[in-house]
Amino acid sequence: MTYESHSTEQTKKIAADFSKTLHGGEVIALIGDLGSGKTTFVQGIAEALGSTVRVKSPTFAIMHEYPVTHTLIKKIVHLDLYRFKQSVHLEALALEDEKNDHTVIFLEWPNMVDYLPAQPTQTITFTYKTENERTIEMKEISII
Amino acid sequence: MIRILGIETSCDETALALVTKGGAGELSVEKNEVLSQIIIHKEYGGVVPEVAARKHLEAIFPMLEHEISNEGEGIDAICVTAGPGLPPALRIGVEVAKTLSWLWQKPLIPVSHMEGHIYANWLMEGIKPGFPCLALIVSGGHTELILMRDHGKFERLGETIDDAAGEAFDKAAHMLGLPYPGGSNIAKLAECGNPHAYDFPRALLKDPNLNFSFAGLKTSLLYFLRKHESEITNEKFRKDVAASYQEAIVEVLIKKTARAVAQYRPKSAILAGGVAANTILRQRFLKEIGEFNKLPVSIPPMAYATDNAAMIAAAGCFRFGNEANYTNPLILFANPNLDLTVDVASSFAPSVFAKATTDKLELRQDKGNVPTAI
C-alpha cells in the first residue's frame with residue numbers, strides 16, 4: 001500500500017489510520033532519509049493512541065518511550081539507530097526487554113546494522129519527492 | 001544556613017553537588033563533581049541510554065563515598081533530577097536519592113532537569129534574576145522558552161515541535177563528517193566562515209507563536225550537500241556552510257526570544273543548557289536580548305551551563321522548607337517525560353513525607369542495624 005502526503009498533517013492522518021491496524025507486539029521498521037517524515041509519522045501514531053506527550057526526534061537520546069492510553073497498547077518505543085555501526089552495540093539498548101504484547105516498537109534506520117535483536121514485522125518506506133511531497137509505502141514482512 | 005545534596009544522572013554525566021543557601025538567600029557551591037561519560041559514548045556517536053545507566057551505577061557509589069559523609073551529617077535535604085531524561089539513566093540517580101533519603105531520614109525533593117538548568121543562573125555571585133524571568137533553554141535534547149513568574153512557578157511559552165537545537169548541530173556535524181559532539185565542532189568550523197554565504201530556512205520565524213522547529217533545517221542541509229557533493233571537501237565551502245547553518249539556528253533562537261521579551265516584558269532574561277556554550281549565541285543573546293531591551297541578562301559559565309548537580313541542588317535550596325515539595329522516598333519514580341510546568345512533587349503520589357518518616361523510625365529503632373526485610 002502506497003500513500004502520498006503533501007503536508008505534515010497528511011502524514012499524521014495516514015499514521016492515525018495505520019494505528020487502527022495495530023494491536024501491540026509489532027516491531028515496525030521506518031526507512032527513509034533524514035527529513036522524509038519518519039518522526040512525523042510516529043507523532044501521528046502517538047497522538048492517535050492517546051499519548052499526552054509530544055513525540056520528538058529520538059536521534060539525541062536514541063530511544064524514547066511514550067505511555068499511551070489505547071485499550072491494548074500501553075507503550076510506544078521509538079528508536080533511532082542512525083549512529084550505530086555494529087550490531088553488537090545494539091545489545092546495550094536491551095531491546096528484548098521492551099518486546100511484549102502491550103508495546104509497539106518503531107525502528108528508524110534499521111539497516112544501519114546487519115542484525116536486529118527485534119525483527120521487524122512490517123516496514124514503512126518514506127521517500128522525499130519535493131519539499132512538500134512524500135510517498136509512504138507500507139509492507140508486511142512474512143516470517144519464513 | 002541550609003545545605004542541599006544534589007544528584008543528577010539524567011543523561012551522560014554522573015553528578016553530585018553540595019550547595020548551601022545563606023540567610024540572605026545567597027547560594028554557594030561547596031562541591032560540584034561531574035563525571036562525564038563523553039569518551040565512552042563517542043564510540044557510539046552519541047549517548048546510549050543503557051550504557052549511560054551502567055556507567056552511572058559504576059560511578060555514583062565511589063563518588064558518594066569519596067565526597068559525602070556516610071551518615072549525611074550537615075545535609076538538610078536530598079534533591080534529585082526526576083526527569084526529563086533517558087529512562088534508565090534517570091532511574092539510577094532517583095533510586096540512590098530515595099535510598100539516601102530513607103536511610104538518613106532527610107527530606108527528598110524531586111525536581112525537573114529543566115528547573116535545574118534555570119537555577120544554574122542563581123549560582124553566580126551577585127546575580128539574582130528578577131521576576132518574571134524569561135529563560136531560553138537550549139541543549140542536545142531540549143529547546144524551550146520558559147517564563148518563570150516566581151520561584152517554582154513556570155510557564156512554557158514555546159518549545160521545539162521536532163528536533164532540539166543541539167540535535168540540529170549534531171546532525172549537521174554528522175553530515176559534514178565531524179565527530180560527536182557536533183555543536184562545538186560546527187562552531188569551530190564556522191569561526192572563519194561567512195554566515196551569509198548560504199541561505200538555510202528559518203522555520204516558524206514568521207509564525208506568531210514561540211515554538212521552534214529544526215527538522216526542516218536539517219533536511220535542507222542534507223539536500224544542499226547532495227547538490228554540492230563535489231565541493232564537500234573544499235575547506236572554504238565547509239566553513240561557509242557551517243557558519244550559515246549556525247546562523248540559521250542562532251537567528252531563530254534569538255528572534256523568538258526577542259519576540260517573547262516584547263510580548264511578556266520580563267524583568268530579566270537567562271540563557272541555559274549546553275548550547276549556551278556557543279559563542280555566537282552568547283554574544284547575540286547579550287546584545288540583542290540584553291542591550292537592545294535594556295534588560296538584565298545572565299548566562300551561566302560553562303561548568304554550570306552543561307549538566308551538573310549544583311544546579312539541581314540550587315533548585316532544591318529554593319524548594320526546601322515547604323513540605324509540599326517533599327516526596328515520600330518509598331514512592332518516587334523517575335519520569336522521563338516530566339513536565340516543568342506541572343508541579344513536580346504533586347506529579348508523584350501525594351506527598352506523605354511526614355508519615356514516611358514515622359514508618360522509617362519504626363523500622364530503624366535500632367540505629368545502625370539495617371532492616372533486613374522491607
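This section reports on the structure supplied with the text. (Residues numbered from 1 in each chain as written. Chains lettered and ligands numbered in written order. Predicted model: local features only at pLDDT ≥ 70, side-chain atom pairs only at ≥ 80, totals over all residues.)

### Description of the overall build of chain A
Next up, step 1: Helix and strand content of chain A: three helices and seven strands.
Next up, step 2: Listing every helix and strand of chain A by position from the N terminus yields β-α-β-α-β-β-α-β-β-β.
Next up, step 3: Overall size of chain A, expressed as C-alpha extent along the three principal axes, is 40 × 35 × 35 Å.
Next up, step 4: Taking all 144 residues of chain A together, the buried fraction comes to 43%.
Next up, step 5: Across chain A, the fraction of contacts at a sequence separation of at least 24, relative to all contacts at a separation of at least 6, is 64%. (Helix = DSSP H or I, 4+ residues; strand = E, 2+ residues; numbered from the N terminus. Buried ≥ 20, exposed ≤ 12 C-beta atoms within 10 Å, placed from the backbone. Contact = placed C-beta atoms within 7 Å.)

### What to know about the interface of chain B and chain A
Next up, step 1: Contacts between the two partners involve 25 residues from chain B, matched on the other side by 19 residues from chain A.
Next up, step 2: Broken down by secondary-structure element, the contributors of at least two residues to the side of chain B that touches chain A are helix H2 (49–67), helix H5 (165–175) and helix H7 (215–227) of chain B.
Next up, step 3: The element best represented in the side of chain B that touches chain A is H7 of chain B, accounting for five residues.
Next up, step 4: Looking at side-chain class alone, the side of chain B that touches chain A contains eleven nonpolar, seven polar and seven charged residues. (Nonpolar A, V, L, I, M, F, W, Y, C, P; charged D, E, K, R; others polar.)

### As for the packing of H2 of chain B against helix H3 (residues 87–104) of chain B
Residues and elements named next belong to chain B.
Next up, step 1: Closest axis-to-axis distance for the H2/H3 pair is 7 Å, and the angle between their directions is 25 degrees. In terms of orientation, H2 lies roughly parallel with respect to H3. Of H3, the residues touching H2 (which contributes Pro 49, Glu 50, Ala 52, Ala 53, His 56, Leu 57 and Ile 60) are Pro 87, Pro 88, Ala 89, Arg 91, Ile 92, Gly 93 and Val 96.
Next up, step 2: Here the contact of H2 with H3 is composed, by residue class, of ten nonpolar, two polar and two charged. (Axes fitted to C-alpha atoms, helices over the stretch in contact; angles between N-to-C directions. Parallel < 35°, antiparallel > 145°, perpendicular 65-115°, else oblique.)

### Here's the deal with the packing of H5 of chain B against helix H6 (residues 182–190) of chain B
When two helices pack together, their arrangement is given by the angle between the helix axes and by the axis-to-axis distance.
Residues and elements named next belong to chain B.
Next up, step 1: Close contact between H5 and H6 brings their axes to 7 Å; oriented N to C, the two are set at 65 degrees. Looking at the two axes, H5 sits roughly perpendicular to H6. Like other packed secondary-structure pairs, H5 and H6 cross with a definite hand, here left-handed. Contacts between H5 and H6 involve Gly 166, Phe 169, Asp 170, Ala 172, Ala 173 and His 174 on the former and, on the latter, Gly 182, Gly 183, Asn 185 and Ile 186.
Next up, step 2: Its residues placed into classes, the contact of H5 with H6 shows four nonpolar, five polar and one charged. (Left-handed = near helix turned anticlockwise from the far one by under 90°.)

### Concerning the sheet that holds strand E5 (residues 108–112) of chain B
Two pairing modes exist for strands in a sheet, parallel and antiparallel, and in both the strands are linked by backbone hydrogen bonds.
All names here are of chain B.
Next up, step 1: What the five strands build is an open sheet, ordered E3-E2-E1-E4-E5; its pairing is mixed. Two strands in the sheet have a free side with no partner beyond their single neighbour: strand E3 (27–36) and E5. Direction aside, neighbouring strands of the sheet carry axes that sit 20 degrees apart on average.
Next up, step 2: Running over the sheet, H2 touches strand E2 (13–21) and E3 and is turned about 30 degrees from E2.
Next up, step 3: Helix H11 (residues 310–319) rests against strand E1 (2–8), E2, E3, strand E4 (77–83) and E5 of the sheet, and its axis sits at about 135 degrees to E1. (Pairing = 2+ DSSP bridges.)

### Focus: the sheet that holds strand E7 (residues 133–140) of chain A
All names here are of chain A.
Next up, step 1: Taken together, seven strands build an open sheet; the order of strands is E1-E7-E6-E2-E5-E4-E3 and the sheet is mixed. Strands at the two margins of the open sheet, each flanked by one partner only, are strand E1 (2–5) and strand E3 (63–67). Pairs of neighbouring strands in the sheet enclose a mean axial angle of 20 degrees, with direction left out of account.
Next up, step 2: Relative to E7, E1 runs antiparallel, the two being bridged by four bridges. Within E7, the residue paired with Ser 5 across the bridge is Arg 134.
Next up, step 3: The sheet contacts of helix H2 (residues 38–48) involve strand E2 (27–31), E3, strand E4 (75–80), strand E5 (103–108) and strand E6 (122–130), and relative to E4 the element is tilted by about 175 degrees.

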